[in-house]
Amino acid sequence: MHLRGVVLPDGEPRDLWVVNGRVRTRPVPSAQTVVDGGFLVPGLVDAHCHVGLGPQGGVELPEAVEQAITDRDAGTLLIRDCGSPIDTTPLQERLDLPRIIRAGKHISRPKRYIPYISVEVENDLVSAVAEQAAYGDGWVKLVGDWIDRGEGDLAPLWTDDELAQAIKVAHDAGAKVTAHVFGEDALPGLINAGIDCIEHGTGLTDDTISLMAARGTALVPTLINIETFPGIADKAAKYPKYANHMRDLHARVSATVASAIEAGIPVYAGTDAGGGIRHGRIVDEIVALHGVGMSAVDAIGAASWGAREWLGFPSLTEGAAADIVVYDEDPRENLETLRSPRMVMLRGRIH
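Fair warning: this is a prediction, and the values are worked out from it, not measured in the lab.

Rules used in this analysis
Residues numbered from 1 in each chain as written. Predicted model: local features only at pLDDT ≥ 70, side-chain atom pairs only at ≥ 80, totals over all residues. Heavy atoms only, no water. Helix = DSSP H or I, 4+ residues; strand = E, 2+ residues; numbered from the N terminus. Buried < 20%, exposed > 50% of the residue type's maximum accessible area, 1.4 Å probe, protein only. Contact = heavy atoms within 4.5 Å. UniProt positions renumbered as here; feature names shortened; annotations may be inferred. Pairing = 2+ DSSP bridges. Phe/Tyr/Trp six-rings, centres within 6.5 Å; stacked < 30°, edge-to-face > 60°. Lys NZ or Arg CZ within 6 Å of the ring centre and 35° of its normal. Salt bridge = Lys/Arg side-chain N within 4 Å of Asp/Glu carboxyl O. Polar contact = N/O pair within 3.5 Å; in protein donor to acceptor, adjacent residues only side chain to side chain.

Caption draft 1: Local environment of the side chain of His48. Looking at the secondary structure, you find His48 in strand S5 (residues 44-49). The exposure class of His48 is buried, given its relative accessible area of 0%. If we skip the residues at most four places from it in the chain, His48 touches Arg80, Cys82, Lys141, Glu199, His200, Val220, Thr222, Ala269, Gly270, Thr271, Asp272 and Ala273.

Following this line, the structure appears as structure tokens:
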């Protein structure tokens, strides 16, 4: 197949050819032109997604397939799974579904996370991390903090020593580590232990922002998920300290993420789809990132070429996977254009 249009991020009109699901930059005789005009964007990325997770926990595979199709039809062609209670490897075999980089299951302590989702360990974090590093596709997901009912507020799950040992084990196995973190207290230990990414990061302060920037630690803020914090607080009347903390984190999230962006922290788009957030909302997250100060171009890149590079997937270069979303208008001028793709091509197949 042959496609002609303005290719992002460089913004230059170009011709691309697709052969056996791969991009070619040299003419291919007798190729059928399927796109002539418009804007060609490297397949969108949801860098924090939970295919296989529903409001009540794990779902059956057919429902997980429908979740993935919903993401695909919104232009999301690459998903960094951030923990799923079911085995989604069968979905990786399907050519019609987005590529999924699995992180295995969340790792938490007993009664310190959402029930029935995570691997719960009390004293052997290192072994649990080693197991999930072997099970996943190069990522491990920790629960960094959650409500401690004894304290009535968010609190870290792990000691600094546990984190340092566990993250080293993951790195030695060739895996990266990320962590769910809402509050402030868990962040220094995670960052100093060498964690690769922070999810949510609503509790970032000037000090931890500086630390992340110095270490190159990435941030996936999941802004559309943070919108649920007031509702979470309203249901937590039994724990007023925690409820007030969640409201405060929500109130200052725009300034927090803006400071992270300004500091040069690598920031990527993730929806936290699954559970309480429906799938297919990557454009909402792009718009939200733009709303806290990221330029339109960078916000698209945080969910496209930038995120793909971070995850080790090249964009529309020679030999790259033909994962392309085509738009009639320039999304850099109007992000709402991203809601209406003219064409979605995954692995060189048009959907």
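Continuing now.
Caption draft 2: Summary view of the UniProt feature "domain: Amidohydrolase-related" (unreviewed entry) in the chain. Under the UniProt annotation, the feature "domain: Amidohydrolase-related" (unreviewed entry) is placed at residues 39-350. For residues 39-350, the helix share is 36%, the strand share is 20%, and the end-to-end C-alpha distance is 16 Å.

Caption draft 3: Structural view of the pairing of strand S12 (residues 139-143). For S12, the tally of buried residues reaches five of five residues, placing the bulk of the element in the interior. By the alternation rule, side chains of S12 split into Trp139, Lys141 and Val143 and Val140 and Leu142, which are all buried. Judged from the five bridges that link them, S12 and strand S15 (residues 176-181) form a sheet pairing that is parallel. Note that in S15 the partner of Val140 across the bridge is Val177.

Caption draft 4: Structural context of the sheet that holds strand S19 (residues 343-346). Spatially, seven strands are ordered S3-S2-S1-S4-S18-S19-S20 in an open sheet, and the strand pairing comes out mixed. A strand with exactly one partner marks an edge of an open sheet, and here the two such strands are strand S3 (22-24) and strand S20 (349-350).

Caption draft 5: Main features of the packing of aromatic side chains. For the structure shown, the criterion picks out five aromatic pairs. Note on Trp139 and Trp310: the rings are 5.5 Å apart at their centroids and 65° apart in plane angle, and the pair reads as edge-to-face. In this pair, Trp139 is assigned in strand S12 and Trp310 in helix H13 (residues 305-311), connecting sequence segments 171 residues apart. By way of ring pairs, the aromatic residues Tyr113, Trp146, Phe182 and Phe229 are connected into one cluster. Just above the ring of Trp139 sits the side chain of Arg80; from NZ or CZ to the centre is 4.6 Å. A cation over a ring is seen here: Arg102 above Tyr135, with NZ or CZ 4.6 Å from the ring centre.

Caption draft 6: Examining the pattern of salt bridges more closely. Throughout the structure, instances matching the rule amount to 22 salt bridges. The residue Asp73 makes a salt bridge to Arg72 at a minimum N-O spacing of 2.9 Å. A single salt-bridge network, built from bridges that share partners, covers Arg281, Asp284, Glu336 and Arg339.

Caption draft 7: Layout of the environment of Asp137. Counting through the fold element by element, Asp137 comes out in the loop between helix H3 (125-135) and S12. Sequence-wise, Asp137 and Ile100 are 37 residues apart; in three dimensions their C-alpha atoms are separated by 8.7 Å. Not counting residues within four places of it along the chain, the set of residues in contact with Asp137 comprises Gln92, Ile100, Ile101 and Arg102. In this structure the side chain of Asp137 is engaged in a polar contact, spanning 2.7 Å, whose partner is the side chain of Gln92.

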